[in-house]
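# Breakdown of the fold
The primary structure of each chain is shown beneath.
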Amino acid sequence: MGAPLPSPGVGPPPHEDAGACASCALSPGSARLARLGMDPGRYDHVIALAGNPNTGKSTVFNALTGLRQHVGNWAGKTVARAEGGFSYGGVGYRIVDLPGTYSLLSTSTDEDVARDVLLFGRPDVVVVVVDATRLERNLPLVLQIRQITGRVVVALNLVDEARRHGITVDTRHLTRELGVPVVAMAARRGQGVPDLLAAIAQVATTDDPPAPLRLVHRDAALERAVADLAAKVEARFPGVPNSRWVALRLLEGDAGIEEAVRNGTLGDLATPVEAA
Ligand SMILES: Nc1nc2c(ncn2[C@@H]2O[C@H](COP(=O)(O)OP(=O)(O)OP(=O)(O)O)[C@@H](O)[C@H]2O)c(=O)[nH]1
Ligand SMILES: [Mg+2]
């Protein structure tokens, strides 16, 4: 199980925006962006960057922070979380680049890092980077994340690649279906970054995020078992996020979650990351 995300509001204030984009080759809409590298200073919100392997998460991370996380054309490059920061419109953000994962139910060590941050770290915004050329393969993770939070932005990346293959994606329709902003991007060229920043700012600051999608199991006995077990998990670990998900994993015999319940470390993960 991973450590909780850092708490906001520590360190010196964020750098001023003025001149911050002097070295930044992004479009004019990014002028309110100051890339703060590894030291975000004081920050107000925590963003988790998630998505399937090789969708351009680290490319987005680098565009926002000015850092040089490893980028390459094969899956599994990012194996531990990397953190950096930026400020946008005078608001400080800490951003966590996660290893690629296909599912929150995955059990590989790298994917556990992503799963723990998403399920237990309570980021203020989850940016899910998806590959526009392989949407059907990428959407299951988006739907799983939508089941745990409404504070989601979908970065529909590689639209340049999709265009080359004659694929166009109806982002408005997708936004309606998912209930969260979908931003078209070609992150390697910096395209879509201003829209992504605006969407992040909106989701981070809204008092009224969309409700998480709720899948109710059709089997009444299973639904009862999940609800009963979730109530027990909450009683044993007050404040633990996503107790329904924990209950489902226990019923499926997930050894890692079972161990975290037995040795009490599940409770350590329940430390809330307060949004400013
Ligand atoms: N054509 C195109 N290529 C891109 C774009 N964004 C990223 N790439 C390329 O896609 C490949 C994967 O990018 P990464 O940023 O390493 O992807 P990742 O999601 O961090 O990968 P993992 O950490 O391995 O999961 C690299 O070769 C990038 O240069 C884009 O918008 N268009
Ligand atoms: Mg990466």
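Residues numbered from 1 in each chain as written. Chains lettered and ligands numbered in written order. Predicted model: local features only at pLDDT ≥ 70, side-chain atom pairs only at ≥ 80, totals over all residues. Heavy atoms only, no water.

## A look at the overall build of the protein
Counting its regular elements, the protein contains 10 helices and seven strands. Partitioning the intrachain contacts of the protein with sequence separation of at least 6 by distance along the chain shows that 70% fall at a separation of at least 24. Surface accessibility of the protein: about 13000 Å² in total, with carbon and sulfur atoms responsible for 52%. (Helix = DSSP H or I, 4+ residues; strand = E, 2+ residues; numbered from the N terminus. Contact = heavy atoms within 4.5 Å. Areas by Shrake-Rupley, 256 points an atom, 1.4 Å probe, with all protein chains shown as cover.)

## A few points about the nonpolar core
By size, the foremost hydrophobic cluster in this structure holds 40 residues, and its most contacted members are Leu 118 and Ile 145. For this core, the two domains that each supply at least three residues are domain 1 (28–205) and domain 2 (220–268). When neighbours within four sequence positions are excluded, Leu 118 is seen to be in contact with Ala 48, Ala 50, Leu 98, Leu 104, Pro 123, Val 126, Ile 145 and Ile 148. (Core = buried A, V, L, I, M, F, W, Y, C linked by side-chain atoms within 4.5 Å. Buried < 20%, exposed > 50% of the residue type's maximum accessible area, 1.4 Å probe, protein only. Domains from an automatic or database assignment.)

## A closer look at the domain arrangement of the protein
In terms of domains, the protein is made up of domain 1 (28–205) and domain 2 (220–268). Between the C-alpha centres of domain 1 and domain 2 there is a distance of 28 Å. Taken together, the seven residues of domain 1 in the interface contact 10 residues of domain 2. Of the roughly 800 Å² buried where domain 1 meets domain 2, counting both sides, 60% is carbon and sulfur surface. Of all residues in domain 1, Leu 105, Leu 119 and Phe 120 bury the most surface against domain 2, accounting for 57% of the area lost on that side. For Asp 254, the salt bridge goes to Arg 115, with nearest N and O atoms at 3.4 Å. The interface formed by domain 1 and domain 2 includes three residue pairs in polar contact (both at pLDDT 80 or more). The element that contributes the greatest number of residues to the side of domain 1 that touches domain 2 is helix H2 (residues 109–120), accounting for three residues. The residue inventory of the side of domain 1 that touches domain 2, partitioned by class, reads five nonpolar, no polar and two charged. (Buried area = accessible area lost by both parts, 1.4 Å probe. Salt bridge = Lys/Arg side-chain N within 4 Å of Asp/Glu carboxyl O. Polar contact = N/O pair within 3.5 Å; in protein donor to acceptor, adjacent residues only side chain to side chain. Nonpolar A, V, L, I, M, F, W, Y, C, P; charged D, E, K, R; others polar.)

## Description of helix H5 (residues 171–178)
Two or three places before Arg 172, at the opening of H5, Asp 170 has a side-chain oxygen 3.3 Å from that residue's backbone nitrogen. Gly 179 sits one or two residues past H5 and shows a positive phi near 75°.

## Remarks on the coordination of the magnesium ion (ligand 2)
Here the magnesium ion (ligand 2) is held by Ser 58 (OG) and Thr 78 (OG1), and the distances to it run 2.1 to 2.2 Å. In this pair, Ser 58 is assigned in helix H1 (residues 57–65) and Thr 78 in the loop between H1 and strand E3 (82–88), connecting sequence segments 20 residues apart. Judged by relative accessible area, which is 8%, Ser 58 ranks as buried. Judged by its relative accessible area of 11%, Thr 78 falls in the buried class. (Donors = N, O, S within 2.8 Å, 3.2 Å for Na, K, Ca; no water.)

## Considering unusual backbone geometry
Its identity is not glycine, yet Asn 54 carries a phi of approximately 65°, on the positive side. Its location among the elements puts Asn 54 in the loop between strand E2 (45–51) and H1. Given the relative accessible area of 31%, Asn 54 is considered partly exposed. One non-glycine residue with positive phi stands out, namely Leu 158, at about 65°. Considering the arrangement of structural elements, one finds Leu 158 in the loop between strand E6 (152–157) and helix H4 (159–164).

## Considerations on the site of ligand 1
If you check the shell around ligand 1, you find 24 residues, and the closest are Lys 57, Ser 58, Thr 59, Lys 77 and Ala 187. Between ligand 1 and Gly 56 there is a distance of 3.0 Å, counted from an oxygen atom to a backbone nitrogen or oxygen. Lys 77 is positioned such that a nitrogen or oxygen atom in its backbone is 2.8 Å from an oxygen atom of ligand 1. Burial of ligand 1 by the protein chains amounts to 94% of its free accessible area of 660 Å². The site holding ligand 1 turns out to be the largest pocket. Of all the elements in the fold, those that place two or more residues in the shell around ligand 1 are H1 and H4. With three residues, H1 is the largest single contributor of residues to the shell around ligand 1. Across the shell around ligand 1, the residue classes tally to seven nonpolar, 12 polar and five charged. (Near = heavy atom within 4 Å. 1 Å grid on protein atoms, 1.4 Å probe; cavity = no way out; pocket = protein on both sides within 12 Å on 5 of 7 lines; lining within 4 Å. Sits in = over half its atoms within 2 Å of the grid points.)

## Looking at the layout of surface pockets
Estimated volume of the largest pocket: approximately 630 Å³. Around the largest pocket sit 29 residues that line it, and Asn 54, Thr 55, Gly 56, Asn 73 and Leu 158 are the ones nearest its centre. Element by element, the count of residues in the lining of the largest pocket is highest for H1, at three residues. Across the lining of the largest pocket, the residue classes break down as eight nonpolar, 14 polar and seven charged. Lining the second largest pocket are 17 residues, with Gln 147, Ile 148, Arg 244, Trp 245 and Leu 248 positioned closest to its centre. Elements with a contribution of two residues or more to the lining of the second largest pocket: helix H3 (135–148) and helix H8 (243–252). Among the elements that line the lining of the second largest pocket, the one with the most residues is H8, at six residues. (Points joined across faces, edges and corners; volume = space filled by probe spheres on them.)

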